[in-house]
Amino acid sequence: MSAAPERLPVTVLTGFLGAGKTTLLNHLLRTSGRRYAVIVNEYGEIGIDGELVVGAEEEVLELNNGCICCKVRGDLIRVVGGLLKRRGRFDGILIETTGLADPAPVVQSFMADDEIRQSARVDGVVCVVDARHFLASLARTREAGVQLAHASCVVVNKAELAEADTLAAVEAEIARLNPGASLLRSVGGAVPAAQLLDQGAFELPRLALPAGGERYYRAVAPGRHSAGLECVSVVLQRPLERQRFLGWLQRLVAECGDRLLRSKGIVALAGAERRFVFQGVHMMMDSDFDRPWHSGEARDSRLVFIGHDLAGLALQAGLDACQVAA
Ligand SMILES: Nc1nc2c(ncn2[C@@H]2O[C@H](COP(=O)(O)OP(=O)(O)OP(=O)(O)O)[C@@H](O)[C@H]2O)c(=O)[nH]1
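Think of each chain on its own: its residues are numbered from 1, step by step along the sequence as written. Restriction of local features to residues with pLDDT of at least 70 applies here, the model being predicted, together with a cutoff of 80 or more for giving and counting side-chain atom pairs; totals for whole chains, interfaces and linings are based on all residues. The basis for every side-chain value is the complete set of heavy atoms in the structure, and neither hydrogens nor water enter the calculation.

Engineer: Explanation requested: the UniProt feature "domain: CobW C-terminal" (unreviewed entry) in the chain in the structure shown.
Structural biologist: UniProt positions are given in the numbering used here, feature names are shortened, and annotations may be inferred rather than shown by experiment. The feature "domain: CobW C-terminal" (unreviewed entry), as given by UniProt, occupies residues 229-323 in the numbering adopted here. Segment residues 229-323 splits into 22% helix and 43% strand. End C-alpha atoms: 27 Å apart. Every helix listed is a DSSP run of H or I at least four residues long, and every strand listed is a run of E at least two residues long, numbered separately from the N terminus.

Engineer: What am I meant to see in the site of the ligand here?
Structural biologist: In the neighbourhood of the ligand, 16 residues make up the surrounding shell, with K21, T22, T23, E160 and G188 lying closest. Counted as a polar contact is a pair of N or O atoms within 3.5 Å, where, for protein atoms, one must be capable of donating a hydrogen and the other of accepting one, and residues adjacent in sequence contribute only when both atoms are in side chains. Measuring from an oxygen atom of the ligand, one finds a side-chain N or O atom of E96 at 3.4 Å. Within the side chain of E160, an N or O atom sits 2.7 Å from a nitrogen atom of the ligand. Surface exposure here means Shrake-Rupley accessible area, sampled with a 1.4 Å probe, where a residue is shielded only by the protein chains that are shown. Considered on its own, the ligand offers 660 Å² of accessible surface; in the complex 64% of this is hidden by protein. Looking at the shell around the ligand element by element, the count peaks at three residues for helix 1 (residues 21-31). Amino acids outside the nonpolar list (Ala, Val, Leu, Ile, Met, Phe, Trp, Tyr, Cys, Pro) and the charged list (Asp, Glu, Lys, Arg) are all regarded as polar, and Gly is one of them. Residues of the shell around the ligand, tallied by class, amount to five nonpolar, six polar and five charged. Any residue with a heavy atom lying within 4 Å of a molecule or strand is counted as near it.

Engineer: Mind showing me how you'd approach the pairing of strand 13 (residues 301-308) here?
Structural biologist: Each regular strand carries side chains that alternate between the two faces of the sheet. Counted residue by residue, strand 13 has eight buried out of eight residues, so it is predominantly covered. Direction of pairing for strand 9 (residues 229-236) relative to strand 13: antiparallel, over a ladder of eight bridges. Note on strand 13: the bridge partner recorded for V232 is F305. When DSSP locates at least two bridges between a pair of strands, those strands are taken to pair. Alignment of strand 10 (residues 260-267) against strand 13, held across six bridges, turns out to be antiparallel. Across the sheet, residue L260 finds its bridge partner in strand 13, namely G307. Each residue gets one of three labels from its accessible area relative to the maximum for its type: buried under 20%, exposed over 50%, partly exposed in between, using a 1.4 Å probe on protein chains only.

Engineer: In this structure, what is going on with the nonpolar core? I would like to understand it.
Structural biologist: In a soluble, globular protein the nonpolar side chains are often hidden away together inside. Put simply, buried Ala, Val, Leu, Ile, Met, Phe, Trp, Tyr and Cys residues joined by side-chain atoms within 4.5 Å make one nonpolar core. Within the largest apolar cluster, 33 residues are counted, with the highest numbers of intra-cluster contacts made by V129, F134, L148, V154, V156, I174 and L229. Elements with a contribution of two residues or more to this core: strand 5 (120-130), helix 6 (134-140), helix 7 (142-150), strand 6 (153-157), helix 8 (164-177), strand 9, strand 10 and strand 13. What fixes the domain bounds is an automatic or database domain assignment. Of the residues that make up this core, three or more belong to each of domain 1 (8-202) and domain 2 (213-320). By the convention used here, residues are in contact when the closest approach between their heavy atoms is within 4.5 Å. In this structure V129 touches A19, F134, V154, V155, V156, N157 and I174, once residues within four positions along its chain are discounted.

Engineer: Sorry if this is basic, but what is going on with the pairing of strand 6 here?
Structural biologist: Taken across its five residues, strand 6 has five buried, putting it largely inside the fold. The pairing of strand 5 with strand 6 spans five bridges and is parallel. Considered in strand 6, the bridge of V129 is made with V156. Note: strand 6 against strand 7 (residues 182-185), four bridges, orientation parallel. Its bridge partner being in strand 7, V155 is matched across the sheet by L184. Whether a crossover is right-handed depends on one test, that the path from the first strand over the helix to the second runs clockwise when the strands point away from the viewer. In this fold, strand 6 hands off to helix 8, which returns the chain to strand 7; that crossover is right-handed.

Engineer: Mind showing me how you'd approach helix 8 here?
Structural biologist: Working note: α-helix, 3.6 residues per turn, so residues spaced by three or four point in the same direction. Here the expected length of a helix is defined as 1.5 Å per residue gap, with one fewer gap than residues. The terminal C-alpha atoms of helix 8, which comprises 14 residues, lie 20 Å apart, in line with the 20 Å expected from a rise of 1.5 Å per residue. What helix 8 keeps buried is the set L167, V170, E171, E173, I174 and L177. The buried residues of helix 8 occupy an angular sector of 160 degrees when the element is viewed end-on, so they sit on one face. Facing away from the buried surface of helix 8 by more than 90 degrees, the exposed residues are A164 and D165. Taking the helix axis as origin, the arc is that swept by the directions to the C-beta atoms.

Engineer: How do you make sense of the environment of T166 when you look at a structure like this?
Structural biologist: Among the secondary structure elements, T166 is positioned in helix 8. A relative accessible area of 26% means that T166 is categorised as partly exposed. Residues T166 and L319 lie 153 residues apart in sequence; the distance between their C-alpha atoms is 36 Å.

Next comes the structure, spelled out in structure tokens:
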């Protein structure tokens, strides 16, 4: 019996208007040494970004006349379905979303559609930010925060235009609000393609969470930069009782999935020899048992929640109640 073909990696490029998404996309196409099908989404009927993508070999598909996050989701599924029928021709798919798009529905399309899910996987969500303007965009708009919340990697672009202290402040704010995301600096989108593509950053077994070891509950209050975006990180030392935790998580995403943008965690369930991992994008959730706990490894649970108005969700109290008795 032949092994199932590997699922095609999909990288979603997000980032605020003018941050440098197309510039990064072109850099990746020029330097990755791999063949990508490109999907570009923009407002308006005339596709401009599609024209700006380098090279004739790449397959560039435009989804115009609507934002990918609302009107054209059905189109996205059709376009990806079509690409998957010709999958031998490329090594992956790159999707550039509009500067005002919420990347969540794009990711959710890959989580929700069974056929696509079997043949393709979201490998990463790359958020490109403009080093000089990011903090202002974050403070003034909801979109910039939503894009940051979903990123598995953030590229701080136009780094040459920002002072060193601005760069440091931008990177600190990114690490505060999305502590699992990797960070790269760039000028003209010039980052090593190998650090962005095919990283499996969105795969359950390779979920990046803040480094373990600390025993803390930390709620990051919305700061002056973040237009209400908050991050809550929780570390729990006692294992969680399975049914109680799964019920709590299910209720949380069902009832609060609109303001809970992103959730992920590595959890020690009582009696389980393997780590339980989960990740959610709004109400959609992926979860599974992953590798066995190593001997000597601290069996604590680490969870991260990013969203708006999280204080009211009483995350710590809810999770505390899931722990087995001391
Ligand atoms: N100085 C400087 N300019 C850059 C850099 N990267 C991109 N640009 C310029 O910034 C402008 C916007 O870049 P794009 O790549 O089109 O940005 P985008 O995010 O795709 O823009 P939208 O599709 O409009 O949201 C272009 O004029 C780029 O040449 C950089 O690192 N430094």
